[in-house]
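A closer look at the structure
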Amino acid sequence: MWRVVANILLGAKVPGGRTCCPLPAPHGRALLPGTPRHRWQGAARRLHSARPLSMSLGIQKVEAVDAGHLLRVEWEDGSESRYPCVWLRDNCQCPRCFLRSAKARRLVFKDLDVNIVAKEVALAGGKKISITWPDEHASEYEAEWLKKRCFSEEARAEMREDLFLPECQYWGSDLQLPKIAFEEVLYNDESAYKWLCTLKKVGIVLLTGAAARQGELIKLGHRIGFLRLTFYGPTWQVQDKADANNVAYTTGKLCFHTDYPVLQHPPGVQFLHCIKQTTTGGESEVVDGFHVSNQLKKQNPQAYQILSSTAVDYTDVGVDYCDFAVQCKQRIIDVDSRGQAVRINYNNATRDTVFDVPAEKVRPFYAALKEFDDLLNSSEYKFTYKLKPGDIVTFDNWRVLHGRQSYESGSEVTRHLEGAYADWDVAMSRLRLLRKRLLKRD
Ligand SMILES: [Fe+2]
Ligand SMILES: [Zn+2]
């Protein structure tokens, strides 16, 4: 089963495109362009080593070092790990310190001595370490539990991959849109797992074969847990409407945007289900915002700096699910501590007329945004496709910008999509649970 899941992780049908971080090579396919062999081999090794590492490896020797502040553990295979005593005391697994039913810490921080040292350390049969603390409190740690929480660079990288799946695959106009049957995702765990993994890594997956009627997205919400309710309702209907309260509810062209940057926490995942499609126009467009951000950073670091530091005002006022007056500040490119884009917040329709910056910063901001927008729209990066009735496009609303070409209005509705949002926390939670079930891991 491990190998089956590893293969799913390895993404049997990933799209072509560049890679940003260690990427496993898809089985039975050539390496992706620009993917050095050693990089995917490294990732594959880590995936396969995840199990052996978490399997019980015996402890050869244990000793307190650094004046008792550190516990040095020597493993049977000759490797070693070091655990700070303050962390060990903080994470005592005894019933007084840890509530097993909630998998949560009972120990209160006030009672933790941050300078604590171990009074006595003992090894029990190579499988368990026991520590007696200066106040005679006793703690025990299983070898497997400790190994999983090793502080080495390599072990932490593996843990990050395991918990967050941080790797992503960049793409441009060469995207091979990943496709999975909707029914498979609903009823087959491996397919659901593959869907969520690909959604996280590639940022977009097309689900095919849903019924051409409202209500299919509710099923998708149940599959992961639940949908995200917003002011536009639990699900919302994208069609030409009289007195539209959103530019999406017209027949006009929609430029590349992310949905809802006016919310403090914009929806992470978006679903668009095609129920009716017009014959002329209405094509969908998507672009990998992280890939384009990297390009902007390369070609104009100053523009990148401006877009990743300027707080832009967004506004959305109206009535739908209930009346609303939403207001928020967001940076167009949100970055992490390393300066890497982690969320794009760009919607020209809801960008406020109010712009809370000094006047001299206005023109440089517009110039930077123009360069970003030009890149988003360049033929090298954007991918165009047309939804068919029964298609559900699912995509990362923090990463993938989407748009649509205009279409002609008629006397009756000629194009109808049902949309919904979900939070990444919910989607990732389901992904972890599915992986656990497929790997039969605790
Ligand atoms: Fe949208
Ligand atoms: Zn305890």
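To be clear, the structure that these remarks concern was listed above.
Residues numbered from 1 in each chain as written. Chains lettered and ligands numbered in written order. Predicted model: local features only at pLDDT ≥ 70, side-chain atom pairs only at ≥ 80, totals over all residues.

**Looking at the sheet that holds strand β2 (residues 70-75)**
Pairing in this open sheet of three strands is antiparallel, and the strands run β1-β2-β3 from one edge to the other. Two strands bound the open sheet, and with one partner strand each, they are β1 (59-65) and β3 (80-84). Adjacent strand axes in the sheet meet at a mean angle of 20°, parallel and antiparallel pairs treated alike. Here six bridges tie β1 to β2, and the two strands are oriented antiparallel to one another. (Pairing = 2+ DSSP bridges. Helix = DSSP H or I, 4+ residues; strand = E, 2+ residues; numbered from the N terminus. Axes fitted to C-alpha atoms, helices over the stretch in contact; angles between N-to-C directions.)

**Describing the sheet that holds strand β12 (residues 254-257)**
With antiparallel pairing, the four strands of this open sheet are ordered in space as β12-β21-β14-β19. Of all the strands in the sheet, the pair left with one neighbour each is β12 and β19 (383-385). Within the sheet, the average angular offset between the axes of one strand and its neighbour, ignoring direction, is 15°. Judged from the three bridges that link them, strand β14 (residues 284-288) and β19 form a sheet pairing that is antiparallel. Bridge pairing in β19 places V286 opposite F383. This element, helix α9 (residues 289-299), spans β14 and β21 (400-404) of the sheet and lies at about 50° to β14. (Contact = placed C-beta atoms within 7 Å.)

Note that all results are geometric; they support no functional claim without further evidence.
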